[in-house]
Amino acid sequence: MKYETIEMLKNVNNNYKIEFGKICKKLLALSFKRAGFDIIEEREVQGVDIDASINDKIKYTIEVKTTMEQSINIKDKDIEGLAKRQKDGYKPLLAALRIGILDDWIFAEADYLRAETYSIYLLDSYNFPELQQLITPYFEEEVKGHYYSLLNDSSNKPLEYLKKELEKSGIKEEES
Amino acid sequence: MMFTISSLKVQGFRGYTDCQELVFDKDAVFLLGDNHKGKSSTLNAIEWCLFGNESVGGTTGLRERIGWEVQNRNMDTSKETFVELTLKDEQGSAFKVSRKYPTNKKGALIVTYPDGESFADNEAVIKLSSLIKLSYRDFVTTVYQRQEAIRSFLVQEPKDRNDAIDRLMGFSDYKNIFDNLDYNNIPKIEKQISDAFIELENILETTLRSKKNDLDTKKENAKSHNINENQFNLQSLKSMAETKILQLLNDFTQSVNLALEEIPALEAEDDFAKFKNAVKKEITRLRSELPDLKTQTELYKLQTELSNMKDSFTQLKQKVDDNQKSLNIFIKQNGDDKAIQEKINELDKLIKDKVEEINRENSKIASIKYAISYLKMDKVNKNICPVCDNKTEDLLTHLETKMKEQYNQAIENLTQELESMKEGLRKQKSLLNEYSSLIKVLNESKEKLSEFYKKLNETLEREITEKDDVEIILKNQIKELEEKLQSIIKGIDSKQQTLNGIESELESMEIVTEILIKIKEINDLTNLEQDRTFQELKTKRIEAMKAVNNIKRIGLAISEASKREAKDKVERTSKIIEDYFCKITDNPAIKTIKFEINEDTKKIGSNDYKFRDEKGKDLIPILSQGDMNALALAIYLGMALEGAEDMPFSFIIMDDPSQSLGSHHKRNLVDILNEVLNRKKVIVSTMDAELQDLLKGRITKMKSCYNFEDWSYTTGPIIKKEEL
């Protein structure tokens, strides 16, 4: 990922440590929208984080994880949630982002993932590179596009700000 | 199909040299004798014949098998090393398995069916495995109780006892797989790869941060030079090169009528150094070749020359004046050369007259001197004049007086006068010389002045005579030159300023270039992910991680399989193991023994075994060596007899089973063997005299004994069969 994007994300993280993961998730949902996915659902509390599909043919269900460290912890509920959506015809993915300049979103095909702690680079071996190449530039644009607003115009309520942005983009958000 | 062992032929294997045959025709067969007499070689021969290299080396899980020599090193090398095993099925049909050493030679393994059909090598391997349907691992846990298995169980440290039980249970293969996969090092390798990338990232981030700071400083510097942010691009740099440097240089050279040397084009930031050097060199050249500069130099030279001339003229003129003044004073004092010459002529004449007068007087004196001499002669009348012969009284005296008083004085006076005249003459002549000198000096200074005029005329290119006021003329000329020089200097300054301006644009360009280079460096670093080498490295990392992941998955699958198999085995055998253990030990303190197996959480792929009493407490700490030996035997017997009817072999082999058993243990073991003999043929090898007696005395089935009486290098074991 670009250095400036990582720097922006680090600043966002410094300002909103608690909300950071959810901010990234919403920005990722916006990126999928910009990348041409027509139906996107983003879940706030229960279930897999994002469902994204194109013409009901390409269907991804995505659990989103971010980290500043070297590893990602996958819980049983994540695997169960993904498995549940897989039964509905979605391809299960784990979207993992480590905030480092040599890192990009990893879209790990989650079929064989287990509930355990994965090093980010081990997870990379499950990566779905086509999706990574498609989404990363849009994500960088989204970060750049919302960076100033997140830090200055969101009145310290970044999630509310992004929720409005999701609504504007036509992304459905389930709160429970 | 179930096989029993019928006979064994051995030659050159381990302790054997010559060919010997053992026939296993009774249900119980005992190999008896002291240590190192060939008993274990006999049992190893069965193992090797069936499983070949699988029974050799470290993969057996036995340390003793590492570097294990199959061939007897003392044997006659012309003889073959082989083992031939005859197995019989339920119908009594004989199948022969023959294995030769070395095992990689053609015909090393031959399997012969009862109908006489033989199969060799790969075909024989397939036939053999389809007949016995038992892996080596299962063979050494369910058929062949190796003495090393009990020994290691007894001597292992408690923490390593799990390994020994693994061997008894037949799980060493799993452990070997994990060891070969270096499975427990995988997280370390994974971490090393991750750490290497994180370190690379840290270096990258530190470098980027440092470069960003550099860039910010440079941008601040640029601002102070009135360079805007929108100029930080290559296009702007190229435009600066074109309009601020090349165009201005071109205009300048045209204005001063000089040709512009070729300057290399600036196409990228990296060209700037070359471009800058060329421009600097060109500016230096232009500075030195400015036409005004040449004029200025010439005028400076002329100005200096005129100034020097002015000084020279003043000096020359002063000299002439001084010389003239000296001459005038001289003339005034001594007259001119004519007057002096006249005086000299006059003095010459006077001296000549005076000399004549002196000569005259001298002649007179000479005459008088002769007269006096004459008069003083004898016989001369002193009173008669010798000239006139007139008589003159006292003539001699008179002459002498006259001479003394008159002529000597006169001569002296005349001489003084003459000397005075001569002195006067010398003085006049000296004056004349002095006059000449003055004239000469005057003329010389005049000559120099005249030459100066000539030079001045040439320099000023106009006719200037002594009538002109040279000093004023020169002063005016110098002033005129000064004015010209000032004008030229002003012009030069202006041109130098123009060149300075161009040079300062170079500085601006340099600032922009440094910023562009810094931006490029930052971009290169931030675009490291696009770099081919990094991509290759990343691909390799992904491949390595895939391999790590695959190993992990293989490991997990093996671990699962191992766990399932272990649980299954423990479930199936725990009861029978408990029975055998309690029977062998017959210890009132141990009524039950619960056999548990768990995964070793610290070491994936390893099992953690627990033997607990009825209260769930670990029994191992209270077991004696004999109990431990009994436990090992119970595990073996449990493994060998659980589902014994489904096994391919209807015999079990026990090698040195009573290593630490007490007498009652041994007796109980023999009683158990009586039970076993109802289901299986039993082959026992022992050096234990007590056990030998118990076997001979308490085994109720028909039995035969092979007594291994001795062993020698040349003959191998000396075996005697004893029918009981």
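Rules of the game
- Residues numbered from 1 in each chain as written.
- Chains lettered and ligands numbered in written order.
- Predicted model: local features only at pLDDT ≥ 70, side-chain atom pairs only at ≥ 80, totals over all residues.
- Heavy atoms only, no water.
- Helix = DSSP H or I, 4+ residues; strand = E, 2+ residues; numbered from the N terminus.
- Contact = heavy atoms within 4.5 Å.
- Buried < 20%, exposed > 50% of the residue type's maximum accessible area, 1.4 Å probe, protein only.
- Areas by Shrake-Rupley, 256 points an atom, 1.4 Å probe, with all protein chains shown as cover.
- Salt bridge = Lys/Arg side-chain N within 4 Å of Asp/Glu carboxyl O.
- Pairing = 2+ DSSP bridges.
- Axes fitted to C-alpha atoms, helices over the stretch in contact; angles between N-to-C directions.
- Polar contact = N/O pair within 3.5 Å; in protein donor to acceptor, adjacent residues only side chain to side chain.
- Core = buried A, V, L, I, M, F, W, Y, C linked by side-chain atoms within 4.5 Å.
- Parallel < 35°, antiparallel > 145°, perpendicular 65-115°, else oblique.
- Nonpolar A, V, L, I, M, F, W, Y, C, P; charged D, E, K, R; others polar.
- Buried area = accessible area lost by both parts, 1.4 Å probe.
- pLDDT = per-residue confidence, 0-100.
- Phe/Tyr/Trp six-rings, centres within 6.5 Å; stacked < 30°, edge-to-face > 60°.
- Left-handed = near helix turned anticlockwise from the far one by under 90°.
- Lys, Arg positive; Asp, Glu negative; His and termini not counted.
- Expected span 1.5 Å × (residues − 1).
- Arc of directions from axis to C-beta.

**A closer look at the overall build of chain A**
Inference 1: Assigned secondary structure in chain A consists of 6 helices and 8 strands.
Inference 2: Sequence separation of 24 or more characterises 61% of the internal contacts of chain A that already satisfy a separation of 6 or more.

**So, the overall build of chain B**
Inference 1: A tally of regular secondary structure across chain B gives 17 helices and 14 strands.
Inference 2: When the 724 residues of chain B are sorted by exposure, 45% land in the buried category.
Inference 3: Across chain B, every contact between residues at least 6 apart in sequence was considered, and the portion connecting residues at least 24 apart equals 70%.
Inference 4: Accessible surface, chain B: about 38,400 Å² in total, of which carbon and sulfur atoms supply 48%.

**Brief notes about the pattern of salt bridges**
Residue and element names in this part refer to chain B.
Inference 1: A complete count under the given rule lists 69 salt bridges over all chains for this structure.
Inference 2: Taking the shortest distance from any N to any O, the salt bridge between Arg285 and Glu282 comes out at 2.5 Å. Of this pair, Arg285 and Glu282 both sit in helix H9 (residues 272-289), 3 residues apart, roughly one helical turn.
Inference 3: On the basis of relative accessible area, Arg285 is assigned to the buried category, the value being 18%.

**Here's the deal with the sheet that holds strand E2 (residues 20-23) of chain B**
All names here are of chain B.
Inference 1: Ordered in space as E2-E1-E4-E5-E6-E7, the 6 strands form an open sheet in which the pairing is antiparallel. Of all strands in the sheet, those with a lone pairing partner are E2 and strand E7 (118-120), marking the two edges. Looking at each pair of strands side by side, their axes are set apart by 15 degrees on average, direction ignored.
Inference 2: Note that strand E1 (residues 4-11) and strand E4 (residues 81-88) share 7 bridges and pair antiparallel. The partner of Ile5 across the bridge, within E4, is Leu87.

**With respect to the environment of B:Ser663**
All names here are of chain B.
Inference 1: On the secondary structure map, Ser663 appears in helix H16 (residues 663-676).
Inference 2: The exposure class of Ser663 is partly exposed, given its relative accessible area of 40%.
Inference 3: Taking the C-alpha atoms as reference points, Ser663 and Leu691, separated by 28 residues in sequence, lie 8.3 Å from one another.
Inference 4: Side-chain polar atoms of Ser663 contact the side chain of Glu690, separated by 2.5 Å.

**So, the pairing of strand E3 (residues 28-32) of chain B**
Residue and element names in this part refer to chain B.
Inference 1: Summarising burial for E3: 5 of the 5 residues are buried, a large majority.
Inference 2: Judged by which residues are buried, E3 turns out to be covered on both faces: Ala28, Phe30 and Leu32 on one side and Val29 and Leu31 on the other are all buried.
Inference 3: Note: E3 against strand E12 (residues 681-686), 5 bridges, orientation parallel. Of the residues in E12, the one forming a bridge with Leu31 is Ser685.

**Digging into the nonpolar core**
Inference 1: Counting 209 residues, the largest nonpolar core has A:Leu9, A:Leu28, A:Phe32, A:Trp105, B:Phe275 and B:Leu637 as the members making the most contacts within it.
Inference 2: The element that contributes the greatest number of residues to this core is helix H12 (residues 395-460) of chain B, accounting for 20 residues.
Inference 3: Discounting chain neighbours no more than four positions away, the residues touching B:Phe275 are B:Ala241, B:Ile245, B:Leu246, B:Ile263, B:Pro264, B:Leu266, B:Leu506 and B:Met509.

**Things to note about the sheet that holds strand E14 (residues 716-723) of chain B**
All names here are of chain B.
Inference 1: Taken in spatial order, the 6 strands of this open sheet run E8-E11-E12-E3-E13-E14, and their pairing is mixed. In this open sheet, the two edge strands, each paired with only one partner strand, are strand E8 (144-145) and E14.
Inference 2: Along the sheet face, helix H17 (residues 689-698) touches E3, E12, strand E13 (703-712) and E14 and points at about 155 degrees away from the line of E12.

**Notes on the packing of helix H15 (residues 625-641) of chain B against H16(B)**
Residue and element names in this part refer to chain B.
Inference 1: Taken N-terminus to C-terminus, the directions of H15 and H16 make an angle of 5 degrees; their axes are 11 Å apart at the nearest point. Considered as vectors, H15 and H16 are oriented roughly parallel to each other. Seen from H15, the contacting residues are Gly626, Asp627, Leu633, Leu637 and Leu641; seen from H16, they are His665, Leu669, Ile672 and Val676.
Inference 2: Within the contact of H15 with H16, the residues separate by chemical class into 6 nonpolar, 2 polar and 1 charged.

**Concerning the interface of chain A and chain B**
Inference 1: Contacts between chain A and chain B engage 19 residues on the former and 26 residues on the latter.
Inference 2: Counting the surface chain A buries against chain B, the share from its top three residues, A:Tyr3, A:Leu102 and A:Tyr121, is 37%.
Inference 3: For the interface between chain A and chain B, the tally reads 3 salt bridges.
Inference 4: When the shortest N-O distance is used, the salt bridge between B:Glu201 and A:Arg98 registers 2.6 Å.
Inference 5: Taken together, the links from chain A to chain B amount to 8 residue pairs in polar contact (both at pLDDT 80 or more).
Inference 6: Residue assignment for the side of chain A that touches chain B shows that the elements contributing at least two residues are helix H1 (3-15) and helix H4 (120-124) of chain A.
Inference 7: A per-element tally of the side of chain A that touches chain B places H4(A) first, with 3 residues.
Inference 8: Class assignment for the residues of the side of chain A that touches chain B results in 8 nonpolar, 4 polar and 7 charged.

**With respect to the confidence of the model for chain B**
Residues and elements named next belong to chain B.
Inference 1: Put simply, chain B has an average pLDDT of 90, and 99% of its residues get 70 or more.
Inference 2: Between the elements of chain B, mean pLDDT differs from a low of 73, seen in helix H6 (residues 172-181), to a high of 97, seen in strand E6 (residues 109-112).
Inference 3: For this predicted complex, the interface score ipTM comes out at 0.87, while the overall pTM is 0.60.

**Some words on the packing of aromatic side chains**
Inference 1: Scanning the entire structure with this criterion turns up 27 aromatic pairs over all chains.
Inference 2: Ring geometry for A:Tyr118 versus A:Tyr126: centroids 6.2 Å apart, planes at 90 degrees, classification edge-to-face.
Inference 3: Here A:Tyr118 falls in the buried class, since its relative accessible area comes to 3%.
Inference 4: Classification of A:Tyr126 as buried rests on a relative accessible area of 8%.
Inference 5: Aromatic side chains A:Tyr121 and B:Phe197 sit 5.5 Å apart centroid to centroid with 50 degrees between the ring planes, which places their arrangement in the tilted category. Note that A:Tyr121 is positioned in helix H4 and B:Phe197 in helix H7 (residues 186-224), a pairing that runs across two chains.

**Describing the side chain of B:Gln147**
Residues and elements named next belong to chain B.
Inference 1: Within the secondary structure, Gln147 sits in helix H4 (residues 147-155).
Inference 2: Only 2.7 Å separates the side chain of Gln147 from the side chain of Ser40, close enough to count as a polar contact.
Inference 3: With sequence-adjacent residues up to four places away left out, Gln147 is seen in contact with Ser40, Asp655, Asp656 and Gln659.

**Here's the deal with the packing of helix H11 (residues 337-375) of chain B against H12(B)**
Residues and elements named next belong to chain B.
Inference 1: Closest axis-to-axis distance for the H11/H12 pair is 8 Å, and the angle between their directions is 160 degrees. Overall, the two elements H11 and H12 adopt an arrangement that is roughly antiparallel. Pair H11 / H12 crosses with left-handed handedness.
Inference 2: The residue makeup of the contact of H11 with H12, split by class, is 26 nonpolar, 5 polar and 12 charged.

**Brief notes about the side chain of B:Lys39**
All names here are of chain B.
Inference 1: In this fold, Lys39 is placed in helix H1 (residues 39-51).
Inference 2: Comment: no salt bridge for buried Lys39; closest opposite-charge side chain is Asp655, at 6.7 Å.
Inference 3: There is a polar contact of 2.8 Å between the side chain of Lys39 and the backbone oxygen of Asp34.
Inference 4: With near-sequence residues (within four places) excluded, Lys39 lies in contact with Leu31, Leu32, Gly33, Asp34, Ser685, Thr686, Met687 and Phe708.

**Remarks on helix H6 (residues 158-169) of chain A**
Residue and element names in this part refer to chain A.
Inference 1: In this model H6 runs 16 Å from its N-terminal to its C-terminal C-alpha over 12 residues, within 8% of the 16 Å that 1.5 Å per residue would give.
Inference 2: For H6, the complete set of buried residues consists of Pro158, Tyr161, Leu162, Glu165 and Leu166. Taken down its axis, H6 places every buried residue within 140 degrees of arc, on the same side. Summarising the geometry of H6, the exposed residues directed more than 90 degrees from the buried face are Lys164 and Glu167.
Inference 3: Among the structural elements, helix H2 (20-34), strand E1 (39-43), helix H5 (129-153) and strand E8 (172-174) are those in contact with the buried residues of H6.
Inference 4: Downstream of H6 by a residue or two, Gly170 has a phi angle that is positive, lying close to 80 degrees.

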